Amino acid sequence: MGDKIIKKGQLPNVLKALKKTFEVFVPVREDGFYRLKPLKDGEKVDLRFTNTRLSPKSFVLPQSERMFEFTLDEKSKDAHIVKEAPKGYPPKVVFGIRPCDAKALRLVHVNFDNPEFRDPWWIKRLESVTLLGLGCNEPCSTCFCTSVNCGPFNKEGLDVLLYDLGECLLARTLTEKGEKLLQVGGVDKDADSGLKKKADELKTRAEKKIGSHVPTDKLGKKNVNDLFDAPFWDDVAFACINCGACTFLCPTCWCFDIQDEVTKRQGDRIRNWDSCMFPLFTLHASGHNPRAQKVQRVRQRFMHKLKYYVDKYKNGVACVGCGRCVNHCPVNIDIREVFRLMNDSEDSKQQ
Amino acid sequence: MGHSDKISEIAKKILEEKTVDVVIGFRKGTLPMMREPVLIKDAERTDQLYWDSFCFINLASYLPKREEKIGIIAKGCDSRNIAVHIVENQIKREQLYIIGVPCEGMVDRGKIISLLDGKEVREITESDGDLTVRGDGFEHTLKKGDYLQDNCIRCMHRNPVIYDALAGDLVEERKDPDPYDDVKALEAMGSEERWEFFSNLIKGCTRCYACRNACPLCYCPACFVDESDPQWVGKSIDPTDTMTFHILRAYHCAGRCTDCGACEQACPVDIKVRFFTRKLNKDVLDLYDCEAGLSTEERPPLDTYRPDDYDEFIR
Amino acid sequence: MKNHNEELRLSDNPYLPFPARIQQIITETEDRNLKTFKVAFINKGDEQGFHSIPGQFCQISVAGKGEIPLGIASSPTEEGYLLFTVNRTGVVTRYLHHMKEGDTIGIRGPLGNWYPWDKMEGKSVVVIGGGFAFTTLRAGIVYMLHPEERDRFKDITVVYGARSPGLLLYRKELEQWEKRDDVNVHITVDATDDPHWPYNVGFVPAITEQKITTGENSYALVCGPPIMIKFTQPVLERLGFKPEQVIISLEMRMKCGIGTCGRCNIGEKYVCKDGPVFSLAQLTELPQEY
């Protein structure tokens, strides 16, 4: 493992070679913003994007995943028996995933793969995807990754991290999967020490460019009930319209719903992204709803990311500072403000 | 005195005099082109109130189910939605003190973002119909009129239709001959082409329901898409279910929609959802000679039965 | 008791229900809203791998309708079948109520934690239940009364109430327990017009206060509607039960049952995985949001 060099002019050939083994996804600008789309033949990769509008979590946690299938046809001996839905997990490469989004997958991983339960779809999809990350030379003004144990060139979760050095890309191999990928792509030229130094400088420079910072130091030490009962939630939540935009764009929101859908006598059990912003999320069949009020739901989203997760996994906050929710909340609820409010809130006198 | 100052002044007065218990308005957001709806209870905090061309959220959305006396800032479309709420018994007129803001259109943040092609806006100021946009190493002066939201370009009711005070002088209403020129293209399509158009329009929809939730008309305690017993619509991103949501949402708004554009501005994936409601608005105007929210007396046309209706089917 | 289900928890797909057959359906209450389903696994292997501990629950799957969490009402000492008592409230339960003996459903589990049987060894146990939330308590009582288990516990007392006599679950069993001398049973109803009603009349908290003398060296297992739990708590406190000795089983809307789907949390705890059984001591540390 080590640092390789890809001349920008060679990039199309590298991707072409990868396409023989993998489905290759690249950032494509469409209708005014970027999405990760399958690379078309002869398509030139656009490296100017800041980040994709939607996070790439759907590669591992699709918005709708067919879990099982069943038949309700009484003539079948297996009528009403729920069975695995056969499906493939073709190897994929996500080219240009940003470091924050790759780290997000690591943060979510503990929810789907833990000593007690292993989520088969999450695990198989994660195994089948190789993450060829691209460091951020020009972070956005709303990025605050460096405050949350991440950064514009953070390596966590990536298989290869690319440094855009202008004429060429330096490819830093981080895993065996990444090494194999570069071999398949025919990337074999080692980077000399001068370029390595340039890459490291690029990282330092990008980190300095991050202009947005949030405090996190006291979150772990706070009493959970002090934060839960803090006086600021009504003000934070007032503007919220209870849509799921923040949760659906967020790379670390993983909550899902399970639904059965039947067409004629054939059915599927499907899991769909869900959102803690929706009242239905927690509504009991009896009609009781522990989070019936908007303020309770808004509080849940922030408490989950900035307190419950912190306490449960002792691995920092469940936020990578990508700024998607900051930019796309229609009513400008800004998680950076909530970080400040929560971290700097007063402790109760009784503690 | 600018709109913001005037709004703060009125809000302070009505809170101090206890005309109202709370004021709903906007405060300056954390991003250059975003404003945050805010609820103010304390007269001392009215200096937070802010107004400019990025107050695109329709504040009427925050009224249903509120019990107290409320001061609310309303541009033309907001005031029409307040009128709709009053007609539909979502709020009482006596509960409200409406601070009307004559409006020359809201700026479409998306249009400015696309113009800059990836460069970020760090600061934006406006004066006399000009916008000055500043970022890292650039400054542009733009004509505000060129960057208005699509609905504002065709808006015929820029002045509030009901108000108790005004935060500025009334503006001249537009007298364009045809506010629905854009719908003509839709009408010219064949049904298959139109289906294709709408299918394409919503292909990126994530069903986050920001369009629905930003809409003041969508105040049902349980929306049909959320009902689970019975369940009307599937919850996956199956195109049929997604289309069902959009079509039914639009039909629920027919005759009630003021074309405020909040739905479109709220969409996190830039879907032009107004295409669904525009055609219905035009039909309601053509068929019933009615535009929503112009009166606090008249019920919406699709909610009205008249024994002398000239259509056969209803008799 | 050892946790036997280590192996199951690591099974390949924790979302896949085991096929099971409805063997018998018993209508429990006079309003017919509660039915008990006696269910057996279709595959022998699934049955052999299933080891529940009283207090745990299962996700019951009805193909085409969905899944719901239901407490296991049978004790592991009752072999060859499982019991689930179903209150008709939502889509799945309403469908279940229309199902017939011989129909196929699915079972995922056992899920969640259980009543702290290890800690309760050598202690007296007070079982307090209300309404239809008596299912896993029944499992616990049957388990404790089993000849091989009974000696592990000191006095066992049951306080169980419903709104009226016709709404009591497991009526026949209650009457049998009533007659035994190794368990004290206090059946109560909120009200009745039956002049010959042989048991108590009054709310569960009040009957608890009358019948239980001390919380010394005891555990209380509490399960019932929120209002009952709310008013029982101060009674238990007065009787000297420490928060660690009050054990409560909670309900939440659930989908996955294994702590992944995110909806049933109370603070950092998932009711499906870290619960459904919590001590009052644990609950006071958590946000009051359930």
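Residues numbered from 1 in each chain as written. Chains lettered and ligands numbered in written order. Predicted model: local features only at pLDDT ≥ 70, side-chain atom pairs only at ≥ 80, totals over all residues.

1. Structural notes on the interface of chain C and chain A
Right, so step 1: On the chain A side, the residues contacting the 35 residues of chain C number 40 residues.
Right, so step 2: Counting residues per element, the ones that place at least two in the side of chain C that touches chain A are strand S4 (66-71) and strand S6 (104-111) of chain C.
Right, so step 3: Per-class residue counts for the side of chain C that touches chain A are eleven nonpolar, 14 polar and ten charged. (Contact = placed C-beta atoms within 7 Å. Helix = DSSP H or I, 4+ residues; strand = E, 2+ residues; numbered from the N terminus. Nonpolar A, V, L, I, M, F, W, Y, C, P; charged D, E, K, R; others polar.)

2. Let's talk about the sheet that holds strand S2 (residues 23-30) of chain A
Residues and elements named next belong to chain A.
Right, so step 1: The sheet built from seven strands is open, its strands ordered S1-S9-S8-S7-S6-S2-S3 with mixed pairing. Both outer strands of the open sheet, strand S1 (3-7) and strand S3 (33-38), are each paired with one neighbouring strand and no more. For this sheet, the mean angle separating the axes of adjacent strands, direction not counted, is 25°.
Right, so step 2: As paired elements, S1 and strand S9 (residues 168-173) share five bridges and run antiparallel to each other. (Pairing = 2+ DSSP bridges. Axes fitted to C-alpha atoms, helices over the stretch in contact; angles between N-to-C directions.)

3. So, the pairing of strand S1 (residues 18-27) of chain C
Residue and element names in this part refer to chain C.
Right, so step 1: Where S1 and S6 come together, four bridges link them in antiparallel fashion. If you follow Arg21 over to S6, its bridge partner there is Thr104.
Right, so step 2: Looking at chain direction, S1 and strand S2 (residues 34-41) are connected through seven bridges and run antiparallel. When the bridges of S2 are listed, Ile26 appears paired with Thr36.
Right, so step 3: Between S1 and S2, which pair antiparallel and follow one another directly, the connecting turn spans six residues, one of which, Arg32, has a positive phi of 60°.

4. Points about the environment of Ser345(A)
Right, so step 1: Along the chain, the position of Ser345(A) falls in the segment after helix H11 (335-343).
Right, so step 2: Contacts of Ser345(A), omitting those with residues within four sequence positions, involve Leu227(A) and Ala230(A).

5. A look at the domain arrangement of chain A
Accessible area lost during the coming together of the parts is what is often quoted as the interface size.
Residue and element names in this part refer to chain A.
Right, so step 1: Splitting chain A by domain gives domain 1 (3-209) and domain 2 (224-343).
Right, so step 2: Using only C-alpha atoms to locate each centre, domain 1 and domain 2 end up separated by 25 Å.
Right, so step 3: Of all the secondary-structure elements, those providing two or more residues to the side of domain 1 that touches domain 2 are strand S4 (64-71) and helix H2 (99-112).
Right, so step 4: Along the lines of polarity and charge, the residues of the side of domain 1 that touches domain 2 split into 19 nonpolar, nine polar and seven charged. (Domains from an automatic or database assignment.)

6. Brief notes about helix H3 (residues 91-98) of chain C
Residues and elements named next belong to chain C.
Right, so step 1: What H3 keeps buried is the set Val92, Thr93 and Leu96. Down the axis of H3, the smallest arc covering the buried residues is 95°, so these residues share one side.
Right, so step 2: Residues of H3 that are buried in the fold lie against strand S3 (57-62), S4 and strand S5 (82-87). (Buried ≥ 20, exposed ≤ 12 C-beta atoms within 10 Å, placed from the backbone. Arc of directions from axis to C-beta.)

7. A few points about the domain arrangement of chain B
Residues and elements named next belong to chain B.
Right, so step 1: For chain B, the assigned domains read domain 1 (3-108 + 148-309) and domain 2 (109-147).
Right, so step 2: For domain 1 and domain 2, the distance between their C-alpha centres works out to 25 Å.
Right, so step 3: Partitioned by chemical class, the residues of the side of domain 1 that touches domain 2 number five nonpolar, one polar and three charged.

8. Overview of the sheet that holds strand S11 (residues 266-273) of chain A
Residues and elements named next belong to chain A.
Right, so step 1: If you walk across this open sheet you meet the four strands as S5-S4-S11-S10, and the pairing is antiparallel. Either end of the sheet is taken by a strand with one partner, and the two such strands are strand S5 (83-84) and strand S10 (256-263).
Right, so step 2: Of the strand pairs in this sheet, S4 and S5 are connected by two bridges, and their pairing is antiparallel. Looking at S5, one finds that Glu69 is bridged to Lys83.

9. Side note on the environment of Gly161(C)
Residue and element names in this part refer to chain C.
Right, so step 1: Following the sequence through the fold, Gly161 ends up in strand S8 (residues 156-162).
Right, so step 2: Note: C-alpha distance between Gly161 and Met252 (91 residues apart in sequence) is 22 Å.
Right, so step 3: With sequence-adjacent residues up to four places away left out, Gly161 is seen in contact with Gly130, Thr188, Val189, Asp190, Phe203, Val204 and Ile207.

10. Quick word on the pairing of strand S12 (residues 246-249) of chain C
Residue and element names in this part refer to chain C.
Right, so step 1: Of the two faces of S12, the one carrying Val246 and Ile248 and the one carrying Ile247 and Ser249 are both buried.
Right, so step 2: Note on the crossover from strand S11 (residues 218-223) through helix H8 (residues 226-238) to S12: the handedness is right-handed.
Right, so step 3: Inspection of the sheet shows S12 paired to strand S15 (residues 277-279) by three bridges, in the antiparallel sense. Note on S15: the bridge partner recorded for Ile248 is Phe278. (Right-handed = clockwise from strand over helix to strand, strands pointing away.)

11. Let's talk about unusual backbone geometry
Right, so step 1: Geometrically, the link from Asp229(B) to Pro230(B) is a cis peptide bond, its omega value of 5° lying close to zero.
Right, so step 2: Counting through the fold element by element, Pro230(B) comes out in the loop between helix H7 (210-214) and helix H8 (239-253).
Right, so step 3: In the segment running from Gly275(C) into Pro276(C), the intervening peptide bond is cis, with an omega of 10°.
Right, so step 4: With respect to the helices and strands, Pro276(C) occurs in the loop between strand S14 (269-270) and S15.
Right, so step 5: Here the phi dihedral of Lys314(A) falls at roughly 50°; this positive angle occurs in a residue that is not glycine.
Right, so step 6: Here Lys314(A) falls in the exposed class, since 8 other C-beta atoms lie within 10 Å of it.

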